[in-house]
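One-letter residues, chain by chain:
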Amino acid sequence: MSLLIAGCASTLTRIDTWEGELPGSTEPAVLKAPGNIQVTRVNGKAMQNFLMDDLALDYGLLPGNNVVVFTYKTIWAKTGVVNNGESKVHVVETEPKVMRFQAEPGVVYSFDFDKPSNRKEAEALRDNFSASLIGANGDVVARAEAWSGQLTARTPVSGAGEGAPDAAPVNTLEKLQALWGQATDEEKKTFLRWAFE
């Protein structure tokens with residue numbers, strides 16, 4: 001099953017973060033997110049959850065102002081005996097962070113941050129997480145800030161569609177994520193079989 005999911009995910013070339021058609025003359029920017037960066041929202045739009053937390057993904061961005069909300073998440077195996085029903089891993093995740101920056105057409109942006117070598121380092125990093133966004137020439141174009149839940153409207157490319165935040169406080173994706181968290185292992189397996197048929 002893991003190989004099937006990984007195979008399907010590897011066919012994703014880029015997740016576009018805008019609604020509607022991209023004007024023919026517009027060249028999007030690309031945000032490269034490694035597996036331990038979980039991008040949750042771009043310009044107010046909730047990003048899809050791919051059932052696996054460690055996928056490196058590329059996000060297409062419209063040129064102009066962009067607001068990217070993300071968390072940093074690492075998973076560490078537990079040592080010793082694990083009780084029945086107890087998770088076999090420690091999950092270390094930051095509070096949501098945000099980066100606001102001006103994306104240039106065709107530029108590839110990437111995250112830069114310290115990488116812990118063990119769980120203790122990860123837990124220390126969680127409380128003081130710092131990340132930068134690197135542009136084409138290796139320049140820092142933005143730094144991570146604590147996210148207050150407030151978004152600023154982006155400046156869309158003319159004719160590129162809406163850039164306003166979602167109006168609904170709870171969307172379908174968030175409902176599905178909540179249901180997934182409540183499902184039993186057997187229900188999850190049954191759903192995944194159905195989803196890939």
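Everything discussed here concerns the structure shown above.
The model shown is predicted, which means the values in this text are computed figures rather than measured ones. (Residues numbered from 1 in each chain as written. Predicted model: local features only at pLDDT ≥ 70, side-chain atom pairs only at ≥ 80, totals over all residues. Heavy atoms only, no water.)

## Focus on the nonpolar core
Stage number 1. Counting residues in hydrophobic clusters, the biggest one holds 27 residues, and the most contacted among them are Ile37, Val39 and Phe111.
Stage number 2. Counting residues per element, the ones that place at least two in this core are strand S2 (29-33), strand S3 (37-42), strand S5 (57-61), strand S6 (64-77), strand S8 (97-103), strand S9 (108-113) and strand S10 (131-134).
Stage number 3. If we ignore the near neighbours within four places in the chain, the residues touching Phe111 are Leu31, Lys32, Ala33, Pro34, Ile37, Phe70, Met99, Ser132 and Leu133. (Core = buried A, V, L, I, M, F, W, Y, C linked by side-chain atoms within 4.5 Å. Buried < 20%, exposed > 50% of the residue type's maximum accessible area, 1.4 Å probe, protein only. Helix = DSSP H or I, 4+ residues; strand = E, 2+ residues; numbered from the N terminus. Contact = heavy atoms within 4.5 Å.)

## Points about the sheet that holds S2
Sheets are built from strands paired through backbone hydrogen bonds, the pairs being either parallel or antiparallel.
Stage number 1. Reading across the sheet, the 6 strands line up as S1-S5-S2-S9-S10-S11 and stay open at both edges, with mixed pairing between neighbours. Of all the strands in the sheet, just strand S1 (15-16) and strand S11 (140-143) have a single pairing partner and so form its edges.
Stage number 2. Relative to S5, S2 is paired through 5 bridges, and the arrangement is antiparallel. Residue pairing across strands places Ala29 opposite Leu61, the latter belonging to S5. (Pairing = 2+ DSSP bridges.)

## Observations concerning unusual backbone geometry
Stage number 1. Positive phi values are uncommon outside glycine, yet Asn43 reaches one of about 55°.
Stage number 2. When you line up the elements, Asn43 lands in the loop between S3 and strand S4 (45-46).

## Focus on the pattern of salt bridges
Charged atoms that come close allow side chains of opposite charge to pair.
Stage number 1. This model, assessed by the stated rule, comprises 6 salt bridges.
Stage number 2. Of the charged contacts in the structure, one is a salt bridge between Lys45 and Glu19, with a shortest N-O distance of 3.5 Å. Here Lys45, found in strand S4, pairs with Glu19, found in the loop between S1 and S2; they are 26 residues apart in sequence, far enough to count as distant.
Stage number 3. Given a relative accessible area of 48%, Glu19 falls into the partly exposed group.
Stage number 4. Residue Glu123 is joined to Arg119 by a salt bridge in which the shortest nitrogen-to-oxygen separation is 2.9 Å. Here Glu123 pairs with Arg119, and both are found in helix H2 (residues 119-127), just 4 residues apart, close to one helical turn. (Salt bridge = Lys/Arg side-chain N within 4 Å of Asp/Glu carboxyl O.)

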